[in-house]
Each structure stands twice: as C-alpha cells, then as structure tokens.
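# Residue-level structural notes
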Amino acid sequence: MSAIGIMGLFIILFWLASLEIVRKRRSASIIVIFVVALFCFLIEKRGDNVPDTIAYRNLFVSLKTDSFILFKERKNYLMEWGFLIFCQIIKMLFGEGVSALWIGAALCSTGFSYMAVIELEKGEIISGRKKNMNFLPCLFFLCYISYFGLFYNAIVVRTGIALSLAFLSAAFINNRKWKRGIIIFICASLFHRSVFILLPAFVFLLADIKIKRSMYQILWCIYFVLFAVNIGYLLLQLMLKVMLFIGNTFSFMEHFLYYKDDIVPEGLYSKKNILFLFMGLFFSFGDLKSKTYRKCLNIYYIGLGVLLFLGNWLIGYRIIDLYLFFSIPLLYLFFKNINLKKQKGDILVFYGFIVMELIAVLRVIGLN
C-alpha cells in the first residue's frame, strides 16, 4: 500500500472537506466518485506486507464457484458463511483476480457507512430539527478513512463489512425502520458474529437518554483515572483465569485457551487508545441539543468504558471498535455545523485528530 498515495488522498480530502465546511455545500458528484475510486485503488495496490493479505488471497483462490458453500460447511474454511458467499459472488462476477475482492469489500464497507451517516442525519428531521441537512460527502470520507476506513479495509476485511452493516442497521433502528434494521443486522452477523456485542447500543438509540454536559466531563475524569491506574489489566487477569478454567473443564469451550497469551499490561497505552480517550473529552463540548449527536455520544462513552477493561487484550479491539466506530458521525456532525467565526480553534483540533488517527493506523498497516 503506497504511503505517498495515502498522503496524497488526505491532502485532497483536507482541501475538499474544508471547502464543504466553509461553503456548507456538498462537493460535485464527479469529485465524490473520484475520491472513492482513488481510495479503492490504494486499497487494491496492497502488498503482502499488509497483515492478513496472504490469508485472504489463499482463501479467495481456494473457493470454487460451481456451487455455493452450504452453511454447515463454513467450519472447513474458518471464516463466516456470509463472507464466504460474498467471495464466491465476487469470483463468479469478476473471475480469479483477487483485486476484485479488495475493491468490492472497500466499496461495500465505505458505501454502508456512507448510507448510515445519511440515515442518522435523517433522524434529525424525524425529531423536528432540520439544521443544515445538506450532506457533505468529502467531510464524511475524511472522518471515515482517517482510521476505520483504512484499518478495516486493509487488514480485517470481513470484520470491516460486518461493522459497516451493523452501523447501518443501528441507523435504521434509530429511525424506527425495524424491518430494514433487523434484516441488515442479520446480514452483518453472517460476516462476523462479534456484531451481537453491539446490541446494547440499540437501547441507547431508542431511549434517547439525556445527560448534562458536566456529567459527561465528570465521567470522562473517572475514565481518565481508571485509565491511568490500568485497572482493566487486573480485571482481565481475573477473567483470564475464569476462561482457562472453562476451557480446561469443558472441551467444547477449549477455544478459550487460545487467548491465554493475548493479554499484555502495556496494551492499554497504545497511541490509538490515548487518542480516542481524549477525543471523548472533546466530543463532550459538541451540540447536545442534537438528538443524533447525543445518542452517538452515549454509545461512544460506552465504548470508552469497554476500552478501559479490554484495552490490554490484543483482540479486544474487535469489541471496542464496535462502539468507537460512532466517532465517525460525531466528528462529522461536530464539524459540519461548526461556527467558523466563534470556533476557529476547533477546526485546528479537528485536523489534529484526523492526522493523529492517520498516524495511529499507519503504524499497523504495511506501506510500500
């Protein structure tokens, strides 16, 4: 994956998003198509040094297209059934070349997330608040690609599709579009079972729990203290003992034994975790009159709580990111409705967050 290409994409997005924020007007459709095409091109030009690339390629090459894989046969491939069918469809339509898989997955993940933020904005109309409802696509792409878009389309591809589908499902549930939300959530679970952990977030979408700004900030201070003392590591050690006991006692739960070496004391203090913790404080200064913003902030703060307890677990991000993914609409809504005359300093903070997200993700994806 080209470092120069990624930096070029972000320079373009910084410029286009800034124009959208200043003009309060969306970019032309041809510009949006160009941005998506460039992003997919960069994802496709991945090298074998990008984690999991070889594993996904080998899976794609091994799949046959004469008939679809049965649900009961999914265990033979160590992948979720939905993703296996997705790969087969891609292979049937575009042939043996694995490039179609990278591009197809990137288009799906990005498209579902794009649709989700649009749907969340419609929630403002439903609630009677119609402030600046003109969707700004390049601002969205800047918020999405800076961390989650790159990470999940470069490395954990099937999880990226599942996460974006679950995000879209949550947006439909938020607007009481039950059938679409439930069907899409079922589809998400067929790509990765971890999406079931997001179900508690749906309660906060439906309940619209109102919390004062000062309470968010007090809660953040509590989070910061717990983060500093690394209380999650102590609790994870206790959880590990329980998992080892279960794995050794019940043979059908022996997969719990695979995680005994995945807990590290310094894992909580990664650049990503520190960044998302401080983003939580910044988000508390946003527009709490916006029902959509408020709901997303509640879910994000759940994610920060989960981060405190699972941040030392190497695969804990699979759970944490389900909630921190809501930083995308929070960033988007915060800066879409920003008052440039009164909040010029906030724009610099926004760009700082985007750059730091980019730095955090570039550490874990391979670059050429």
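The structure presented is a predicted model; accordingly, all values stated were derived computationally and were not measured.

Quick look at the pattern of salt bridges now. Scanning all chains against the criterion turns up eight salt bridges. Close ionic contact of Glu 121 with Lys 336 constitutes a salt bridge, the shortest N to O distance being 2.5 Å. Of this pair, Glu 121 sits in helix 5 (residues 99-126) while Lys 336 sits in helix 15 (residues 327-336), and the two are 215 residues apart along the sequence. Comparing Glu 121 with Lys 336 shows no difference in burial state: the two are buried. What you see here is one network of salt bridges that share partners, running through Glu 119, Lys 122 and Lys 177.

Turning our eyes to something else, we now look at a nonpolar patch on the surface. A grouping of Ile 209, Ile 211, Met 215, Ile 218, Leu 219 and Ile 222 is seen on the molecular surface, where their side chains present a nonpolar patch of about 470 Å² in accessible area. Along the polypeptide, Ile 218 turns up in helix 10 (residues 213-229). The partly exposed category is assigned to Ile 218, whose relative accessible area is 45%.

For the pair helix 1 (residues 3-23) and helix 2 (residues 29-44), the least separation of the axes is 10 Å and the interaxial angle reads 160 degrees. What the angle tells us is that helix 1 and helix 2 run roughly antiparallel. For the element pair helix 1 and helix 2, the recorded crossing hand is left-handed. Contacts from Gly 5, Ile 6, Leu 9, Ile 12, Leu 13 and Leu 16 in helix 1 reach Ile 31, Phe 34, Val 35, Leu 38, Phe 39 and Leu 42 in helix 2. Looking at side-chain class alone, the contact of helix 1 with helix 2 contains eleven nonpolar, one polar and no charged residues.

Evaluation of the coordinates by the stated rule reveals 38 aromatic pairs. Between Tyr 147 and Phe 148, the ring centres sit 5.1 Å apart and the planes meet at 85 degrees, which makes this aromatic pair edge-to-face. According to the relative accessible area criterion, Tyr 147 is buried, its value standing at 5%. Both rings, one in Phe 227 and one in Tyr 269, keep their centres 5.2 Å apart while their planes meet at 85 degrees; by these two values the pair is edge-to-face. In this pair, Phe 227 sits in helix 10 while Tyr 269 sits in the loop between helix 11 (231-249) and helix 12 (271-283), placing the two residues 42 residues apart along the sequence. By relative accessible area, which is 6% here, Phe 227 ends up buried. Three or more aromatic residues link up through ring pairs in this structure, and these residues are Phe 14, Phe 282, Phe 283, Tyr 300, Phe 334, Phe 335, Phe 350, Tyr 351 and Phe 353.

Phi is positive for Asp 208, close to 50 degrees, though the residue is something other than glycine. Relative to the helices and strands, Asp 208 resides in the loop between helix 9 (199-207) and helix 10. Among the residues examined, Asp 208 registers a relative accessible area of 15% and is labelled buried. Unusually for a residue other than glycine, Asn 230 sits at a positive phi of about 60 degrees. Checked against the element boundaries, Asn 230 lands in the loop between helix 10 and helix 11.

With that settled, consider the layout of surface pockets. Roughly 450 Å³ of volume is contained in the second largest pocket. The wall of the second largest pocket is formed by 20 residues, among which Gly 267, Ser 270, Lys 272, Leu 314 and Tyr 317 lie closest to the centre. For the lining of the second largest pocket, the secondary-structure elements that each account for two or more residues are helix 6 (137-154), helix 12 and helix 14 (317-324).

Further remarks concern empty space enclosed by the protein. Per the stated rule, a full pass over the model turns up one cavity of 30 Å³ or more. In this structure, the largest cavity encloses a volume near 50 Å³. If you go around the largest cavity, the residues you meet are Tyr 152, Thr 159, Ala 162, Leu 163, His 192, Ser 194, Val 195, Arg 318, Asp 321 and Leu 322. For the lining of the largest cavity, the secondary-structure elements that each account for two or more residues are helix 7 (157-174) and helix 14. Split by residue class, the lining of the largest cavity holds five nonpolar, three polar and two charged.

Before going further, it helps to examine the packing of helix 1 against helix 6. Two elements in contact, helix 1 and helix 6, have axes whose closest approach is 7 Å; the angle formed by their N-to-C orientations is 145 degrees. The two elements helix 1 and helix 6 cross, and the hand of that crossing is left-handed. On helix 6, the residues touching Ile 6, Leu 9, Phe 10, Leu 13, Phe 14, Leu 16, Ala 17, Glu 20 and Ile 21 of helix 1 are Pro 137, Cys 138, Leu 139, Phe 141, Leu 142, Ile 145, Ser 146 and Leu 150. Grouping the amino acids of the contact of helix 1 with helix 6 by side-chain chemistry returns 15 nonpolar, one polar and one charged.

A word on helix 10. A rise of 1.5 Å per residue sets the reference length of helix 10, with its 17 residues, at 24 Å; its end C-alpha atoms lie 25 Å apart and thus fit the reference within 8%. Listed in full, the buried residues belonging to helix 10 are Tyr 216, Trp 220, Tyr 223 and Phe 227. The buried residues of helix 10 occupy an angular sector of 60 degrees when projected down its axis, which confines them to one face. Packing partners of the buried residues in helix 10 comprise helix 12 and helix 13 (291-310).

So, about helix 8 (residues 178-191). For helix 8, spanning 14 residues, the distance from its first C-alpha to its last is 20 Å, which sits close to the expected 20 Å at 1.5 Å a residue. Within the span of helix 8, buried status applies to Gly 181, Ile 184, Phe 185, Ala 188, Ser 189 and Phe 191. All buried residues of helix 8 lie within an arc of 150 degrees about the axis, which places them on one face of the element. Along helix 8, the residues that are exposed and aim more than 90 degrees away from the buried face are Lys 179 and Ile 183. Along its buried surface, helix 8 packs onto helix 4 (81-94), helix 7 and helix 9.

Parameters at a glance
Residues numbered from 1 in each chain as written. Predicted model: local features only at pLDDT ≥ 70, side-chain atom pairs only at ≥ 80, totals over all residues. Heavy atoms only, no water. Salt bridge = Lys/Arg side-chain N within 4 Å of Asp/Glu carboxyl O. Helix = DSSP H or I, 4+ residues; strand = E, 2+ residues; numbered from the N terminus. Buried < 20%, exposed > 50% of the residue type's maximum accessible area, 1.4 Å probe, protein only. Patch = residues over 30% accessible without salt bridge, like charges linked within 9 Å, V, L, I, M, F, W, Y side chains within 5 Å. Areas by Shrake-Rupley, 256 points an atom, 1.4 Å probe, with all protein chains shown as cover. Axes fitted to C-alpha atoms, helices over the stretch in contact; angles between N-to-C directions. Parallel < 35°, antiparallel > 145°, perpendicular 65-115°, else oblique. Left-handed = near helix turned anticlockwise from the far one by under 90°. Contact = heavy atoms within 4.5 Å. Nonpolar A, V, L, I, M, F, W, Y, C, P; charged D, E, K, R; others polar. Phe/Tyr/Trp six-rings, centres within 6.5 Å; stacked < 30°, edge-to-face > 60°. 1 Å grid on protein atoms, 1.4 Å probe; cavity = no way out; pocket = protein on both sides within 12 Å on 5 of 7 lines; lining within 4 Å. Points joined across faces, edges and corners; volume = space filled by probe spheres on them. Expected span 1.5 Å × (residues − 1). Arc of directions from axis to C-beta.

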